[in-house]
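# Commentary on secondary and tertiary structure
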Amino acid sequence: MRLSNDAHAFEAVSDAVDEVNKLKGQVAAQWNEASQFDAEKDKNSFRKYEEACDRVKNFYREQHEKQTVEFNVRVRAEFKRTVHARMGIWEAIEKLNTLVDDSDPDTSLSQIEHLLQTAEAIRRDGKPDWMQVAGLVHDLGKLLYFFGSEGQWDVVGDTFVVGCKFSDKIIYPETFANNPDSKDPVYSTEYGVYSPHCGLENVMLSWGHDEYLYHVLKKQSSLPIDALYMIRYHSFYPWHREGAYSHLTNAEDQRALQAVRAFNPYDLYSKSDEPVNVEKVKPYYQRLIAKYFPDVIEW
């Protein structure tokens, strides 16, 4: 009889585990399902860099000339030894609100409007709260602009790998001609300083708000790894949209690719949405902030 009871208990536990796994599967399927909010939007009207204003073109020329290996090594060393500010997430959002991104051809919205549009689009599609939070904070790395950056070129814009040949999948690839790394005997080769399929975790991406915020939050938040991938790679268009750097990526990067592709429509196509009522949604997002972040973050 005891064996029978033990068998029934085992079956009950096993069934419960199966149910939990089903629920986990439903959550996983939910966040990476195709976005719905943008179904009727004309995607061809976004990222039209061939029609971009001189402000955008001049920005990328400067970025491509100045993002060198030497600069990226130096700025990472400075990041590790410097705390620029101590403040909470919502305070950081409000501080960022005075910046207009010179690299963005799609919008002149303030940063708080873009962050809330992104988060609200994710929320409307019923995605999990951690993904909504990723949308809310994904551009907070642009605080670098107020922390002694050399301009906007080391804060915003599409990111790319430094230390190897500049990919022709990068926007305006001809503007790398004046970057000294393009003529370096090592940095100008296909693999440069890297080995085949070393993984993106082991390469240097051009320094900017994505890379900065990823390193800030991976130690100061409880966000899941997929949210951190969304933050780190959302501007890495040569990879997640154009398919560049397959010679450097590994199996783990496929998971990151799935995450950033699930996130990208919300970042990109929500920019044409109506402005969000900040005071109306603020209490909701403050609750999510409290769930995933400490009260004060070192920036």
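Residues numbered from 1 in each chain as written. Predicted model: local features only at pLDDT ≥ 70, side-chain atom pairs only at ≥ 80, totals over all residues. Heavy atoms only, no water.

This structure, assessed with the given rule, holds 13 salt bridges. For Asp139, the salt bridge identified is with Lys142, shortest N-O distance 3.3 Å. For Asp139, a relative accessible area of 3% puts it in the buried group. With a relative accessible area of 4%, Lys142 lands in the buried category. Of the charged contacts, one joins Glu211 and Arg232 as a salt bridge, the two residues approaching to 2.8 Å between their closest N and O atoms. Within this pair, whereas Glu211 is found in helix H7 (residues 209-217), its partner Arg232 is found in helix H8 (residues 225-233), the two being separated by 21 residues in sequence. Using a relative accessible area of 3% as the deciding quantity, one classes Glu211 as buried. Taken together, the shared-partner salt bridges in this structure form one network comprising Glu70, Arg74, Glu78 and Glu150. (Salt bridge = Lys/Arg side-chain N within 4 Å of Asp/Glu carboxyl O. Buried < 20%, exposed > 50% of the residue type's maximum accessible area, 1.4 Å probe, protein only. Helix = DSSP H or I, 4+ residues; strand = E, 2+ residues; numbered from the N terminus.)

This paragraph deals with the layout of surface pockets. Over the atoms rolls a probe the size of a water molecule, and its path tells where empty space is left. In this structure, the largest pocket spans a volume of roughly 460 Å³. Along its surface, the largest pocket is lined by 19 residues, and Phe79, Lys80, His215, Lys218 and Lys219 are the ones closest to its centre. Residue assignment for the lining of the largest pocket shows that the elements contributing at least two residues are helix H3 (69-81) and H7. Considering every element that reaches the lining of the largest pocket, the biggest residue donor is H3, with four residues. Roughly 220 Å³ of volume is contained in the second largest pocket. Looking at the second largest pocket, it is lined by 16 residues, and the ones nearest its centre are Val75, Glu78, His84, Phe147 and Gly148. The dominant element in the lining of the second largest pocket, judged by the number of residues it contributes, is H3, at five residues. Residue classes in the lining of the second largest pocket are distributed as eight nonpolar, four polar and four charged. (1 Å grid on protein atoms, 1.4 Å probe; cavity = no way out; pocket = protein on both sides within 12 Å on 5 of 7 lines; lining within 4 Å. Points joined across faces, edges and corners; volume = space filled by probe spheres on them. Nonpolar A, V, L, I, M, F, W, Y, C, P; charged D, E, K, R; others polar.)

Moving on: the packing of aromatic side chains. Tallied over the full model, the rule gives 16 aromatic pairs. For the ring pair Tyr60 and Tyr172, a centre distance of 6.0 Å and an interplane angle of 65° mean the geometry is edge-to-face. Taken together, the positions of Tyr60 in helix H2 (residues 54-66) and Tyr172 in the loop between strand S2 (161-162) and strand S3 (204-205) put the pair 112 residues apart, joining distant regions of the chain. For the residue pair Tyr60 and Tyr172, the accessibility class agrees, reading buried in each case. Residues Tyr284 and Tyr285 carry aromatic rings whose centres are separated by 4.9 Å and whose planes lie at 80° to one another, so their mutual orientation is edge-to-face. When its relative accessible area of 0% is taken as the criterion, Tyr285 is described as buried. Counting every residue linked through ring pairs, the aromatic cluster contains Tyr229, Tyr233, Phe236, Trp239 and Tyr245. (Phe/Tyr/Trp six-rings, centres within 6.5 Å; stacked < 30°, edge-to-face > 60°.)

This paragraph deals with unusual backbone geometry. In this structure, Tyr172 takes a positive phi of about 50° despite not being glycine. Among the residues examined, Tyr172 registers a relative accessible area of 14% and is labelled buried. Although it is not a glycine, His197 adopts a positive phi angle of roughly 55°. Mapped onto the elements, His197 comes out in the loop between S2 and S3.

Among the residues of helix H4 (residues 89-96), Ile89, Trp90, Ala92, Ile93 and Leu96 are the ones counted as buried. Buried residues of H4, seen end-on, are gathered within an arc of 155° and therefore sit on one face of the element. Residues of H4 that are buried make contact with strand S1 (86-87), helix H5 (111-124), helix H6 (129-137), helix H11 (278-292) and strand S4 (297-298). (Arc of directions from axis to C-beta. Contact = heavy atoms within 4.5 Å.)

Glancing now at the environment of Val278. Here Val278 shows up in helix H11. According to the relative accessible area criterion, Val278 is partly exposed, its value standing at 23%. Leaving out residues up to four positions away in the same chain, Val278 has contacts with Trp90, Ile112 and Leu116.

This brings us to the packing of H4 against H11. What describes two packed helices is the angle between their axes and the distance between those same axes. Interhelical geometry of H4 versus H11 gives an angle of 135° and a closest axis separation of 10 Å. Relative to H11, the element H4 lies oblique. Residues Ile89, Trp90 and Glu94 of H4 form the contact with H11, whose participating residues are Val278, Lys282, Tyr285, Gln286 and Ile289. Broken down by class, the residue content of the contact of H4 with H11 amounts to five nonpolar, one polar and two charged. (Axes fitted to C-alpha atoms, helices over the stretch in contact; angles between N-to-C directions. Parallel < 35°, antiparallel > 145°, perpendicular 65-115°, else oblique.)

Under the counting rule described, the total for this entry stands at zero disulfides. Cys164 takes part in no disulfide bond, and the closest cysteine sulfur, belonging to Cys198, lies 8.7 Å away. (Disulfide = S-S within 2.5 Å.)

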